[in-house]
Amino acid sequence: MWILTFLFVALTLCISWVLFGFILYNFFVGMLVKRPAVTMPEHFPDVTILVPTYNEEAQVLEKLADIRALNYPSGKMRVIFADGQSSDRTVELLKGAIEEGEPIEVVSCPIGGKINQLNHVLADVHTEIVVNTDADARLDPEAVRWLMAEFVDESVWVAGAFCCPEGGLSVEQHYWDGQNKARLMETRLQTSSIVVAPCYGFRRSLMTSFPQDVVADDVYIAFLCNTLGYRTVYSSKALCREVRVPVHLDDFLPQKFRKSNAFLRESLRFVYRLPEMNGYNRVMHLTRVTQQLLMPWMLMAWVALAGSMVTMTGPSFSFMGRLDLAVFGAVLLVFFFLITSWAFQRVPQPVEGPRVSLITMIYGYTLINLVLLVTALSYPFYRQGSSYARIPMPDGEGTSTEDSPVTSNPESLV
């Protein structure tokens, strides 16, 4: 019985840390950290903005207008639309709309795939800071200026915009809200685990190019930055909206599976580099990998152990076994859940998150853990990286559009 008790207690503590403990550590210890407020610098660096495109005729002109609306000093911003062999009118529309003398250019990349497109144009980028933004991202006019303000701190080498979905399922909005708050807590304490693809910036000297097998550029670049001992920050000032979001469950689940699979792939890529990381990053990385790869199995094992402890009988324990310990474990998890929910509600953020019911929270949590379970089970047999049908735009455009072939990159990871 003692072995069963030990396993149950150990599993309860492990689940408590992975699901709640790391978040609570970031929240409470982060309250003791006094970081200077981010303010607009007097002088802004030269910056290159990269916009990878593939078959985006339905929204590319809107993205061009979004870029033109950015408030940044004249002569200090260069924009490159890196097209991955679009088969529609994306390039034609862009070239027809760009006026002579504008610091905006269209580059037709010889090989499709987001990573190939980024690498192709990065070879011609020599500015101190590079900003990557997706065609389905809409930036606040001050977003790039606030990203540059983050880089005033010389320890910051990657900075991500605060991104929210525009509409979509309530469970999707709640998921983004929770993830955003977790990144803000990580940033306040030390460094954010990831940024998101709709908009992020990095120092050009961080790397010359992405490895060819990267499938999630936003995750990879944050992991690389943190591994090398620099800071990744999730800005609370640079605002961004993602307009291509799931509006139906049959879009939500495949999208989250692709993201989860790609996230796990990038996480495992850096496991062998754990000795290079500082203590915080090492714990953060191990917690992330455990959450992605083992958490659903740990939850099922916990339920099985709790059931065994309640129903087992014998000469050394009562008819109901160790019901007291099983109940204590359940109460402890509920307690940590309530404290974590309380902490999340007290994380300040620039955009007010959605108000959702407890049923929506439980529903969303169940769906995400189902996705994690399928991801962990299928990972030895399936790796994200090939082209796929992207989710439709809210107006129905882009239903049959596929991501650029050869070596494609999944949508932004949350």
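Analysis parameters
- Within any chain, residue numbers begin from 1 and follow the written order of that chain's sequence.
- Residues qualify for local features only when their pLDDT is at least 70, as the model is predicted, and side-chain atom pairs are given and counted only at 80 or more; totals for whole chains, interfaces and linings, by contrast, use all residues.
- Excluded from the side-chain calculation are hydrogens and water; included are all heavy atoms of the structure.
- A run of H or I in DSSP counts as a helix once it spans at least four residues, and a run of E counts as a strand once it spans at least two, with each numbered from the N terminus.
- Atoms counted for the radius of gyration: C-alpha only. Globule rule: 2.2 Å times the number of residues to the power 0.38.
- With a 1.4 Å probe rolled over the protein chains alone, any residue whose accessible area is under 20% of its type maximum counts as buried; one over 50% counts as exposed, and the rest are partly exposed.
- Contacts were defined at the residue level, with two residues in contact if any of their heavy atoms lie within 4.5 Å.
- Note on areas: Shrake-Rupley with a 1.4 Å probe; residue coverage comes only from the protein chains shown.
- By definition, no residue in a patch forms a salt bridge, and every one has over 30% relative accessible area; like charges are joined within 9 Å, nonpolar side chains (Val, Leu, Ile, Met, Phe, Trp, Tyr) within 5 Å.
- Criterion for a salt bridge: a side-chain nitrogen of Lys or Arg within 4 Å of a carboxyl oxygen of Asp or Glu.
- Two strands pair if DSSP finds at least two bridges between them.
- By definition, the crossover connecting two strands over a helix is right-handed if that path, from the first strand to the second, turns clockwise as seen with the strands pointing away from the viewer.
- Note on definitions: angles span 0 to 180 degrees between N-to-C directions of axes, and those axes are lines fitted to C-alpha atoms, for helices only across the stretch in contact.
- Only Phe, Tyr and Trp rings take part, Trp by its six-membered ring, and two of them pair if their centres are within 6.5 Å. Stacked means planes under 30 degrees apart, edge-to-face means over 60, and tilted covers everything else.
- To sit over a ring, a charge needs its Lys NZ or Arg CZ within 6 Å of the ring centre and within 35 degrees of the ring normal.
- What pLDDT reports is the predictor's confidence in each residue, on a scale of 0 through 100.
- Joining through side-chain atoms within 4.5 Å is the link that ties buried Ala, Val, Leu, Ile, Met, Phe, Trp, Tyr and Cys residues into a set, and such a set is a nonpolar core.
- Expected span, for any helix, means 1.5 Å times one less than how many residues it has.

Draft legend 1. Local environment of the overall build of the protein. Helix and strand counts for the protein stand at 12 helices and 8 strands. At 23 Å, the protein has a C-alpha radius of gyration in line with the 22 Å of a compact globule built from 414 residues. When its C-alpha atoms are laid out on the principal axes, the protein stretches across 90 × 45 × 40 Å. Every one of the 414 residues in the protein was classed for burial, and the buried ones make up 56%. Taking contacts inside the protein between residues at least 6 apart in sequence as the whole, the part at least 24 apart equals 82%. For the protein, the exposed surface amounts to about 18100 Å²; the carbon and sulfur share of it is 63%.

Draft legend 2. Spotlight on helix H4 (residues 114–122). Of all the 9 residues making up H4, 8 are buried; the element is thus mostly covered by neighbouring parts of the structure. Close packing links the buried residues of H4 with strand E1 (47–53), strand E2 (77–83), strand E3 (104–108), strand E4 (129–133), strand E7 (199–203) and helix H7 (217–227).

Draft legend 3. Representation of a nonpolar patch on the surface within the structure. A surface patch of nonpolar side chains, amounting to about 460 Å² of accessible area, comprises Val 334, Phe 337, Leu 338, Leu 358 and Ile 362. When residues of the nonpolar patch are traced back to their parent elements, those giving at least two are helix H11 (323–345) and helix H12 (358–378). The element best represented in the nonpolar patch is H11, accounting for 3 residues. Turning to its location among the elements, Phe 337 is positioned in helix H11.

Draft legend 4. Quick peek at the pairing of E1. With 7 of 7 residues buried, E1 lies mostly within the body of the structure. Direction of pairing for E1 relative to E2: parallel, over a ladder of 7 bridges. Among the inter-strand pairings, Thr 48 is bridged to a residue of E2, identified as Arg 78. Each parallel crossover has a hand, and for E1 linked through helix H2 (residues 60–68) to E2 it is right-handed. The sheet contact formed by E1 and E4 spans 4 bridges and is parallel. Across the sheet, residue Val 47 finds its bridge partner in E4, namely Ile 129.

Draft legend 5. A look at the sheet that holds E1. Taken in spatial order, the 8 strands make up an open sheet running E3-E2-E1-E4-E7-E6-E8-E5, and their pairing is mixed. The open sheet has two edge strands with one neighbour each: E3 and strand E5 (137–139). Across the sheet, the axes of successive neighbouring strands diverge by a mean angle of 30°, strand direction being ignored. Pairing between E5 and strand E8 (residues 231–242): 3 bridges, direction antiparallel. Across the sheet, the residue bridging to Ala 137 is Glu 242, located in E8.

Draft legend 6. Region of the structure containing the pattern of salt bridges. The full count for this structure, using the stated rule, is 20 salt bridges. By sharing partners, the salt bridges in this structure join Glu 56, Asp 136 and Arg 244 into a single network.

Draft legend 7. Broad picture of the packing of aromatic side chains. In total, this model carries 17 aromatic pairs according to the counting rule given. Between Trp 17 and Phe 22, the aromatic rings sit 6.0 Å apart at their centres with planes inclined by 65°, giving edge-to-face as the arrangement. Residue class for Trp 17 comes out partly exposed when judged on its relative accessible area of 35%. Summarising the aromatic geometry, the rings of Trp 157 and Tyr 230 are spaced 3.9 Å apart at their centres and angled 10° between planes, so their arrangement reads as stacked. Residue Trp 157 is located in strand E6 (residues 156–165), and its partner Tyr 230 is located in the loop between H7 and E8; the two are separated by 73 residues in the primary sequence. For Trp 157, a relative accessible area of 15% translates into the label buried. Each residue in the set Phe 210, Tyr 220, Phe 223, Phe 263 and Phe 270 is aromatic and connected to the rest through ring pairs, giving one cluster. Sitting over the ring of Tyr 234, Arg 183 keeps its end group 5.2 Å from the ring centre. The ring of Trp 146 is capped by Lys 237, whose NZ or CZ atom sits 5.4 Å from the centre of that ring.

Draft legend 8. Region of the structure containing the confidence of the model for the protein. Summing up the model confidence of the protein, the mean pLDDT is 87 and the portion of residues at 70 or higher is 90%. Within the model, the stretch residues 397–402 combines pLDDT values under 50 with 17 contacts to residues more than four positions away or in other chains. With pLDDT under 50 throughout, residues 407–414 is counted as low confidence; its partners more than four residues away or in other chains account for 56 contacts.

Draft legend 9. Summary view of the nonpolar core. Ile 15, Val 47, Ile 49, Val 79, Phe 81 and Met 148 are the most contacted members of the largest nonpolar core, which totals 68 residues. Sorting elements by how many residues they give to this core places helix H1 (residues 2–30) first, with 10 residues. Among residues more than four places away in sequence, those in contact with Ile 15 are Phe 20, Met 295, Met 298, Leu 299, Trp 302 and Leu 333. Listed in part, the 35 residues of the second largest apolar core include Ile 115, Leu 118, Phe 202 and Leu 206.

Draft legend 10. Local environment of helix H10 (residues 295–311). With 17 residues, H10 extends 24 Å between its outermost C-alpha atoms, agreeing within 8% with the 24 Å of an ideal straight helix rising 1.5 Å per residue. Buried residues along H10 sit in contact with H1, helix H9 (279–293), H11 and H12.

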